[in-house]
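So you can see what is in the structure, the chains are spelled out below.
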Amino acid sequence: MEKWKEISAQLKKDGCTKVKLAVVDLEGVLRGKVMSIDKFLSIAEKGFGFCSVVFGWDIEDKAYDNVSITGWHTGYPDMDACVDLTTYRRIPWDNDLPFFLADFSAPDENKALPVCPRSLLKGIINKSHNLGYKPLFSQEFEWFNFEVKPDELSKNGFQQVKPLTPGMFGYSILRSSLKKEYFNDLFDYCLQFNIPLEGLHTETGPGVYEAAIKYSDILTAADRAVLFKNSVKEIAYQHGIMATFMAKWTETLPGCGGHIHQSLWDENETVNLFYEEDDLLNMSETMKSYLAGQLYCLPHILPMYAPNINSYKRLVEGAWAPTTLTWGVDNRTTAFRVIKGAASSTRLETRVPGSDVNPYLAMSACLASGLYGIEKKLPLNTAPTIGNGYREFKYGIIPSSLQDATVQMRSSELAFELFGQEFVEHFCKTREWECREFATKVTDWERKRYFEII
């Protein structure tokens, strides 16, 4: 109540006439609207209705024909949504327009929609808190930037695009100065929009940047990650640039990672429960079981880390993305990288997600599977990989296609245990739809290979 009074008073004092409000769909895409200040003030406390179609269509707004939660059979009614007043911020590149996130829940009944990604994560966070753990997370993203406008890109068939900068030059101070106005706006605007970056630099590949978002509590981390991707695209538009967070935009270059850093702390956020001074690797038993849980659960829930057809083009050998069920200490060829450090910095990096991931789902997968390992007291039986993780096959390999991964998740009792039947069934049906859509399309590769010769 006090938070609401403070925000509403500030909006009125500043003479705001409109507010931007957004929810997040299963793909991790913001869906929202701009509404008048009067309308917003009337719904901010008591909740509002938002069209259920955001869970009934794919990334191109094509209606699913295989889901039950909403569809033609329901008439696509509104679903209860609730504004999260703690997400309030101003958009500095859009005249300081007030902005809020919402999720699908009924404030009076305290009931969340099972397929809402943000609500799913909040439920797992509650479980973590009940167990006495406060998760601190952060995500880092790699993405490509091109000097092209949306209409030009579509006209060119998403080909013949000019990268923002030429050549392969990771960590380049020189290359980042080529488009310094865009580069500086990214860093400065993100900070003003409450997405503080720890670092921003060029990566290996023409026009590639990488950003590491400052760590925070896990819900804030997921909010920042989702808002970061959308913010980059909006800021890029203003500079005549298009940014893509595809996991793999071309087979000739490395893909784009969306690695997730994580640790568990006590409820006062004073003790890192992953750190053990007397352990050879400074890993506590809690951290070892957390890691064991992620290793064990990964094949059962992989679509939450790799949700798209394109995601699996990144998960190939020698492309800075993992292919085996491995972990190592500061090893970037494994699925899980233990970062050994001081009590303040010891953490786990999950390297499977690409930049195309839905941060709420990926972080839900990390935390739920880690807590599973702790609750089951799973031992860390696998040895750390030293050297090339791509060649370490004895612990298993990561499924290599969305279809295989979805079949495994759909039939997994463990997935249902972690996330509930309604979410798993709906999510897997949307991934099955994605596979079906791809299977019906004739690709450029097929035309080039078969058109004349076959």
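Residues numbered from 1 in each chain as written. Predicted model: local features only at pLDDT ≥ 70, side-chain atom pairs only at ≥ 80, totals over all residues. Heavy atoms only, no water.

Quick word on the overall build of the chain
Operational definition: A run of H or I in DSSP counts as a helix once it spans at least four residues, and a run of E counts as a strand once it spans at least two, with each numbered from the N terminus. Only C-alpha atoms enter the radius of gyration, while the globule expectation follows 2.2 Å times N to the 0.38, with N the number of residues. Burial classes follow relative accessibility: with a 1.4 Å probe on protein chains only, a residue under 20% of its type's maximum area counts as buried, one over 50% as exposed, and anything between as partly exposed. It only takes one pair of heavy atoms within 4.5 Å for two residues to be counted as in contact. The Shrake-Rupley method, run with a 1.4 Å probe sphere, supplies the accessible areas, and residue values consider only the shown protein chains as cover. Positive charge is attributed to Lys and Arg, negative charge to Asp and Glu, and no charge count is given to His or to the chain ends. Every charge is mapped onto a representative atom, which is NZ of Lys, CZ of Arg, CG of Asp or CD of Glu.
Each helix and strand in the chain was counted, giving 14 helices and 16 strands. Relative to the compact-globule value of 22 Å for 454 residues, the chain shows a C-alpha radius of gyration of 22 Å, a close match. Every one of the 454 residues in the chain was classed for burial, and the buried ones make up 56%. When contacts within the chain are restricted to residue pairs at least 6 apart in sequence, those whose partners lie at least 24 apart make up 71%. With the model as given, the accessible surface of the chain reaches about 20,900 Å², and the carbon-plus-sulfur share is 51%. The centroid of the 49 positive side-chain charges in the chain is displaced by 3 Å from the centroid of its 59 negative side-chain charges.

Some remarks on the sheet that holds strand β4 (residues 78–91)
The line we're drawing: At least two bridges found by DSSP between two strands is the condition for calling them paired. With axes taken as lines fitted to C-alpha atoms, and helix axes fitted only over the stretch in contact, angles between N-to-C directions fall between 0 and 180 degrees.
A sheet is described by the order of its strands in space; here five strands give the open sequence β2-β1-β5-β4-β3, paired in mixed fashion. Of all strands in the sheet, those bounded by a partner on one side alone are β2 (30–36) and β3 (48–51). If you compare each strand with its neighbour and ignore which way they point, the axes differ by 45° on average. Examined bridge by bridge, strand β1 (residues 18–24) and β2 share seven bridges and lie antiparallel to one another. Residue pairing across strands places Val24 opposite Leu30, the latter belonging to β2. Strands β1, β4 and β5 (97–103) of the sheet are contacted by helix α3 (residues 117–130), whose axis makes an angle of about 65° with β5.

Digging into unusual backbone geometry
Positive phi, normally seen in glycine, also occurs at Trp320, with a value near 65°. Position of Trp320 relative to the elements: it lies in the loop between α9 (311–314) and β14 (327–329). Taking relative accessible area as the criterion, Trp320 reaches 55% and is therefore assigned exposed. A positive phi angle, near 50°, is found at Asp330, a position not held by glycine. A residue is classified by how much of its surface remains accessible, and Asp330, at 48% relative accessible area, is partly exposed.

Structural notes on the environment of Ser400
Relative to the helices and strands, Ser400 resides in the loop between α10 (359–375) and α11 (402–410). It is 8.3 Å that separates the C-alpha atoms of Ser400 and Val316, two residues lying 84 residues apart in sequence.

So, the pairing of β3
Burial of the side chains of β3 is restricted to one face: Phe48 and Phe50 are buried, whereas none of Gly49 and Cys51 on the reverse face is. Two strands pair when backbone bridges link them, and β3 and β4 are joined in this way by four bridges, in the antiparallel orientation. Among the inter-strand pairings, Cys51 is bridged to a residue of β4, identified as Asp78.

Thoughts on a nonpolar patch on the surface
Under the convention used in this document: Patch membership requires over 30% relative accessible area and the absence of a salt bridge. Like charges are linked within 9 Å, and nonpolar side chains (Val, Leu, Ile, Met, Phe, Trp, Tyr) within 5 Å. Salt bridges, as used here, are contacts in which a Lys or Arg side-chain nitrogen is within 4 Å of a carboxyl oxygen on Asp or Glu.
Taken together, Trp445, Tyr450 and Ile454 make up a surface patch of nonpolar side chains, about 390 Å² in accessible area. Take Tyr450: it is sitting in helix α14 (residues 444–450). Residue Tyr450 is classed as partly exposed on the basis of its relative accessible area, which comes to 34%.

Brief notes about the packing of aromatic side chains
Under the convention used in this document: Aromatic rings from Phe, Tyr and Trp, with only the six-membered ring used for Trp, were paired whenever their centres fell within 6.5 Å, and each pair was classed as stacked if the ring planes differed by under 30 degrees, edge-to-face if by over 60, and tilted otherwise.
Applying the stated rule across the entire model yields 27 aromatic pairs. Each ring, one from Trp445 and one from Tyr450, has its centre 5.9 Å from the other, and the planes form 90°; the classification is edge-to-face. Through successive ring pairs, a cluster of aromatic residues spans Phe141, Trp143, Tyr182, Phe183, Tyr209, Phe228 and Phe245.

With respect to the packing of α11 against helix α13 (residues 421–439)
The line we're drawing: For classification purposes, an angle smaller than 35 degrees is called roughly parallel, one larger than 145 roughly antiparallel, one from 65 to 115 roughly perpendicular, and anything else oblique. A clockwise turn of the near helix away from the far one marks a right-handed crossing, whereas an anticlockwise turn of less than a right angle marks a left-handed crossing. When residue character is reported, Ala, Val, Leu, Ile, Met, Phe, Trp, Tyr, Cys and Pro are called nonpolar, Asp, Glu, Lys and Arg charged, and the others, Gly included, polar.
It is at 10 Å that the axes of α11 and α13 come closest, and there the two elements cross at 160°. Looking at the two axes, α11 sits roughly antiparallel to α13. Here α11 runs over α13; the crossing is left-handed. Each of Leu402, Gln403, Thr406, Met409 and Arg410 in α11 lies in contact with α13, whose residues at this interface are Phe423, Val424, Phe427, Cys428, Lys429, Arg431, Glu432, Glu434 and Cys435. Its residues assigned to classes, the contact of α11 with α13 comprises seven nonpolar, two polar and five charged.

Focus: the nonpolar core
Note the following rule: Side-chain atoms within 4.5 Å link the members of a nonpolar core, which is a set of buried Ala, Val, Leu, Ile, Met, Phe, Trp, Tyr and Cys residues.
Trp143, Tyr182, Phe228 and Phe419 are the most contacted members of the largest nonpolar core, which totals 122 residues. Residues in contact with Tyr182, not counting those within four places in the same chain, are Trp143, Asn145, Leu164, Tyr209, Val232, Ile235, Ala236, His239, Ile241 and Ala243. Among the nonpolar cores identified, the runner-up in size contains nine residues, and Phe146, Val161, Met242 and Cys256 belong to it.

Observations concerning the side chain of Ser412
Rules: We call two N or O atoms a polar contact when they sit within 3.5 Å, provided that within protein one can donate a hydrogen and the other can accept it, with sequence-adjacent residues counted only if both atoms are side-chain atoms.
Turning to its location among the elements, Ser412 is positioned in the loop between α11 and α12 (413–419). Only 3.2 Å separates the side chain of Ser412 from the backbone nitrogen of Leu414, close enough to count as a polar contact.

A short note on the environment of Arg31
Topologically, Arg31 is positioned in strand β2. Judged by its relative accessible area of 15%, Arg31 falls in the buried class. In contact with Arg31, other than residues within four places in its own chain, are Leu21, Ala22, Val23, Asp25, Phe50, Val54, Trp57, Asp58, Ile59 and Asp61. At 3.1 Å, the side chain of Arg31 forms a polar contact with the side chain of Asp25.

Things to note about the layout of surface pockets
One way to see where empty space is left: roll a probe the size of a water molecule over the atoms. Using the following cut-off: Residues are said to line a cavity or pocket when one of their atoms sits within 4 Å of a point; the points come from a 1 Å grid over protein atoms alone, cavities being sets where a 1.4 Å probe fits but cannot get out and pockets being open sets with protein on both sides within 12 Å along at least five of seven lines. Grid points are joined across faces, edges and corners, and a volume is the space filled by probe spheres set on the points.
Each pocket or cavity is described by its volume, and for the largest pocket that value is around 2,500 Å³. In terms of lining, the largest pocket is formed by 46 residues, of which the most central are Glu60, Phe158, Thr244, Met246 and Asn310. If you list the elements that add at least two residues to the lining of the largest pocket, you get α4 (150–155), α7 (218–238), β12 (242–244), α13 and α14. A per-element tally of the lining of the largest pocket places α7 first, with six residues. Estimates place the volume of the second largest pocket at around 800 Å³.

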